[in-house]
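The primary structure of each chain is shown beneath.
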Amino acid sequence: MNEPDSAYVGKLAVLYEGQGDLSIFRQLAERLGVPLRNSNAEDFNPHEAFFLSWRDGCLKLLDTELLKAGGLTVEIEPRAGEQRSWPAPKQGPLAQALGRKTKTVIDATTGWGQDALHIYRMGYELTCLERSPVMAALLADGFKRLQELDWMQRLGLASPTLIQGNAIDILANLDSQPDCIYIDPMFPPKRKKSALAKKSMRVLRDLLGDDTDKSQLFDAALSATGKRVVVKSPDYAEPLGGKPTESFQGKLLRYDVYLTG
Ligand SMILES: C[S@@+](CC[C@H](N)C(=O)[O-])C[C@H]1O[C@@H](n2cnc3c(N)ncnc32)[C@H](O)[C@@H]1O
């Protein structure tokens, strides 16, 4: 997972399914350094790898199971239970962990963007970091779709800023300190095959593996933040940075808060 350029060799291809502008598929394949496949080709092997393809106007990540139908995409609609206004009320354990006075947040591990978009919809000023070029491509597509939504246009809002790269390096070179840095690295599952994990997270793990440098990321976040670091962690895992200042309990997870000064 730490060498994104070579990480996808033999694992991922861009898939053209006979629809849309082929040159855009080719550009994506070249940018990611992965092969371009055509699902109508005689030698097409559906078991080869993960695939990225545009379906229904969204860039989607597919595994063999999802090839027939569907695909995983950055979901831009509010999650169940979230209020559909903007800004949504700053309620619940995530908002409590981010802190009442927090205005600016960096999500250093954006992944599928679900926490990031929750944070964004609560009205925080958000910058998103993601080191995987595949996830960054999916996020860029999701943020583009977000930008085109009626309510975003009506309110004159811009999608969060997305920066592709290793947060450990990016955080060491910030121009200004955010109030809060949020990290949600990949922890090893409790059991080898966790039936509980969502499909999107299982695929992410299969594609990228665990984040073995999460302690370094935590240290980088602690040095770079203005006021606090929030670590999202499965409830069975030890706190990443030692004893936190405070913790907020979610469903099967915890938000550990580390205040600086
Ligand atoms: C568990 S997922 C995050 C899920 C995310 N919170 C969500 O709501 O979808 C972890 C993500 O962080 C990214 N990541 C891990 N370490 C990183 C680092 N040092 N810099 C940038 N991204 C990192 C991984 O590539 C992966 O996409």
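S.K.: Is there a simple way to think about the layout of surface pockets in this case?
M.R.: It is the rolling of a water-molecule-sized probe over the atoms that shows where space remains empty. Here the second largest pocket defines a volume of roughly 300 Å³. What lines the second largest pocket is a set of 16 residues, and nearest its centre among them are Ile24, Trp54, Leu59, Asp141 and Lys144. Breaking the lining of the second largest pocket down by element, the ones donating at least two residues are α1 (22–32), β3 (50–55), β4 (58–62) and α5 (133–147). Looking at the lining of the second largest pocket, the element that brings in the most residues is α5, giving 5 residues. Broken down by class, the residue content of the lining of the second largest pocket amounts to 7 nonpolar, 2 polar and 7 charged. Residues from two domains meet in the lining of the second largest pocket; each of domain 1 (12–67) and domain 2 (92–259) gives at least three.

S.K.: Would you explain the nonpolar core in this entry?
M.R.: One broad rule of soluble globular proteins: the nonpolar side chains tend to lie buried together. Counting residues in each nonpolar core, the largest one holds 58 residues, and the members touching the most others are Leu12, Leu52, Leu61, Leu98, Val134 and Leu138. For this core, the element with the highest residue contribution is α5, accounting for 7 residues. Split by domain, this core shows at least three residues from each of two domains, domain 1 (12–67) and domain 2 (92–259). Beyond its immediate stretch of four places on either side in the chain, Leu98 contacts Ile119, Met122, Tyr124, Cys180, Tyr182, Arg228 and Val230. Listed in part, the 18 residues of the second largest apolar core include Ile106, Ala167, Phe218 and Tyr258.

S.K.: How do you make sense of the site of the ligand when you look at a structure like this?
M.R.: Inspection of the region around the ligand gives 22 residues, with Asp115, Glu130, Asn166, Ala167 and Asp184 positioned closest. Within the contact set of the ligand, a nitrogen atom lies 2.8 Å away from a side-chain nitrogen or oxygen of Asn166. Within the side chain of Asp184, a nitrogen or oxygen atom sits 2.7 Å from a nitrogen atom of the ligand. Coverage of the ligand by the protein chains reaches 98% of its 610 Å² of free accessible surface. Every element with two or more residues in the shell around the ligand is listed here: α4 (114–121) and α8 (199–208).

Reading the values: the criteria
Residues numbered from 1 in each chain as written. Predicted model: local features only at pLDDT ≥ 70, side-chain atom pairs only at ≥ 80, totals over all residues. Heavy atoms only, no water. 1 Å grid on protein atoms, 1.4 Å probe; cavity = no way out; pocket = protein on both sides within 12 Å on 5 of 7 lines; lining within 4 Å. Points joined across faces, edges and corners; volume = space filled by probe spheres on them. Helix = DSSP H or I, 4+ residues; strand = E, 2+ residues; numbered from the N terminus. Nonpolar A, V, L, I, M, F, W, Y, C, P; charged D, E, K, R; others polar. Domains from an automatic or database assignment. Core = buried A, V, L, I, M, F, W, Y, C linked by side-chain atoms within 4.5 Å. Buried < 20%, exposed > 50% of the residue type's maximum accessible area, 1.4 Å probe, protein only. Contact = heavy atoms within 4.5 Å. Near = heavy atom within 4 Å. Polar contact = N/O pair within 3.5 Å; in protein donor to acceptor, adjacent residues only side chain to side chain. Areas by Shrake-Rupley, 256 points an atom, 1.4 Å probe, with all protein chains shown as cover.

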